[in-house]
Amino acid sequence: MKALIFEKPYTLVLKEIQKPKIGKNEICLIVKAAAICGTDLRIYKGEKTKGIRKPSIIGHEFSGEIVEVGDNIIDFKIGDRIGVAPVISCGKCYCCLNDLENICINRKAIGYEFDGAFAEYIRIPAVAIESGNVFKLSDKISFKEAALLEPLSCCINGHSKCKIKIKTDVLIIGAGPIGLMHLQLAKIAGARVFISEPNSRRREIAESLGADILIDPQKEDLSDIVMTNTNNQGVDVVIMAIGISQMVGHLITLIKKGGILNLFAGFQKKSFSDIEPNLIHYNEINIIGSSAMKLRNYITAIKLVEENKINLRSLITDVYSLSEYEEAFSKALKNESIKIVFQN
Ligand SMILES: [Zn+2]
Ligand SMILES: [Zn+2]
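Cut-off values and rules
Residues numbered from 1 in each chain as written. Chains lettered and ligands numbered in written order. Predicted model: local features only at pLDDT ≥ 70, side-chain atom pairs only at ≥ 80, totals over all residues. Heavy atoms only, no water. Pairing = 2+ DSSP bridges. Helix = DSSP H or I, 4+ residues; strand = E, 2+ residues; numbered from the N terminus. Axes fitted to C-alpha atoms, helices over the stretch in contact; angles between N-to-C directions. Buried < 20%, exposed > 50% of the residue type's maximum accessible area, 1.4 Å probe, protein only. Phe/Tyr/Trp six-rings, centres within 6.5 Å; stacked < 30°, edge-to-face > 60°. Polar contact = N/O pair within 3.5 Å; in protein donor to acceptor, adjacent residues only side chain to side chain.

Enquirer: Describe the sheet that holds strand β13 (residues 235-240), and please don't skip the residues or the numbers.
Expert: Here we have six strands laid out as an open sheet, ordered β12-β11-β10-β13-β14-β15, and parallel in their pairing. For this open sheet the edge positions go to β12 (213-215) and β15 (286-289), each flanked by a neighbour on one side alone. Between one strand axis and the next, the sheet turns by 15° as a mean value, whatever way the strands run. Bridge count between strand β11 (residues 192-196) and β12: three bridges; the pairing is parallel.

Spelled out as structure tokens, the structure:
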């Protein structure tokens, strides 16, 4: 089969390798769709190294159809349409026992410790099936949409910590795929959403998905717009959908007393931010983080897409075959697209 092999930073090579062999408790999927994630780009650039083997196949946002089942598999059959939550938690550690399975200390993930989806076929390890990470999908979800269920699940996890309800003012920094998913979740909850995004095409998509106030931070004053529109009180919630640590200190000044700053994006290693602690103290600002997803978030994501409450289709701006990986990755690195998906 064809597989895109990550050999070292900035080196991906399309190779012909053996189709994966499965064990008795495993299944094999033909990958139907696999999306390039910001994390894949950080792996490609050598910025993310934890759990990454070299050489290996990366790609953790994917969907597929079962082509082979192990002898002991009873819940799945050949032909089933499948979505996979790639992060497998241990169920035993402190985090797992305290409703923090998403940040399980012993977590392993497909696309990291296990070979990922930038290939024609993928072996789904027994531990993923036993942990309930494999989901049958109805035909109400296309394979391409299903590849985006994982990032949507992560956004649902982050969203659930922001206490967003009717008339909450939410400011989202960045209208890439993550920002646009947070936007839609906040709108479902009844919020008024401000989007700060320098790219005009992304702002247009944000507008079409229901953003209330659009800001071009390179031409307009973000503080002015936020304060004028909130009676000088600031917004209830800020969600950082881009990882620029230098912005954190400034964003705290845009939050209403008692409000929340969610550091949703990953930041560069060893990057720091100047913050004024008194703003947090006197204004009782809550700074929270969110990382990865819980299985229940994946189930919610499936429902939201099946019920047409979240539009993932308009986030998929480019579709490539695996053999066009060079163009796909160079486009992804330019940050012009929203979501790039490999289709098989
Ligand atoms: Zn991802
Ligand atoms: Zn655990």
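Enquirer: Quick rundown of the pairing of strand β3 (residues 27-35)? Include the residues and the values.
Expert: β3 sits mainly inside the fold: eight of its nine residues count as buried. Inspection of the sheet shows β3 paired to strand β4 (residues 61-69) by eight bridges, in the antiparallel sense. The residue of β4 that forms the bridge with Ala35 is Glu61. In this structure, β3 lies alongside strand β8 (residues 121-124), joined through four bridges in antiparallel fashion. Bridge pairing in β8 places Leu29 opposite Ile122.

Enquirer: Summarise the packing of aromatic side chains; cite the residues concerned and give the values.
Expert: Evaluated as defined, the whole model comprises six aromatic pairs. Summarising the aromatic geometry, the rings of Tyr44 and Phe329 are spaced 5.4 Å apart at their centres and angled 40° between planes, so their arrangement reads as tilted. One end of the pair, Tyr44, is in helix α1 (residues 38-44); the other, Phe329, is in helix α12 (residues 325-334), with 285 residues separating them in the sequence. Both residues of the pair, Tyr44 and Phe329, belong to the buried class. Pairing Phe118 with Phe329 gives two aromatic rings, centres 6.1 Å apart and planes at 85°, and the pair type is edge-to-face.

Enquirer: Pulling in residues and values, what's your account of unusual backbone geometry?
Expert: For the peptide bond that leads from Lys54 to Pro55, omega is -5°, which places it in the cis range. Tracing the chain through its elements places Pro55 in the loop between α1 and β4. In the Ramachandran plot, Asn231 falls in the positive-phi region, its phi being about 60° despite a non-glycine side chain. Mapped onto the secondary structure, Asn231 falls in the loop between α8 (222-229) and β13. The phi torsion at Asn308 lies on the positive side, around 60°, for a residue other than glycine. Looking at where Asn308 falls in the secondary structure, it is placed in the loop between α11 (295-306) and β16 (316-320).

Enquirer: Just give me the short version of α8, but keep the residues and values in it.
Expert: It helps to recall that an α-helix has 3.6 residues per turn; residues three or four apart then point in one direction. Listing the buried residues of α8 in full gives Leu222, Ser223, Ile225, Val226 and Met227. The opening residue of α8, the one whose side-chain oxygen lies 3.0 Å from the backbone nitrogen of Ser223, is Asp221. In the stretch just after α8, Asn231 is the one whose phi turns positive, near 60°.

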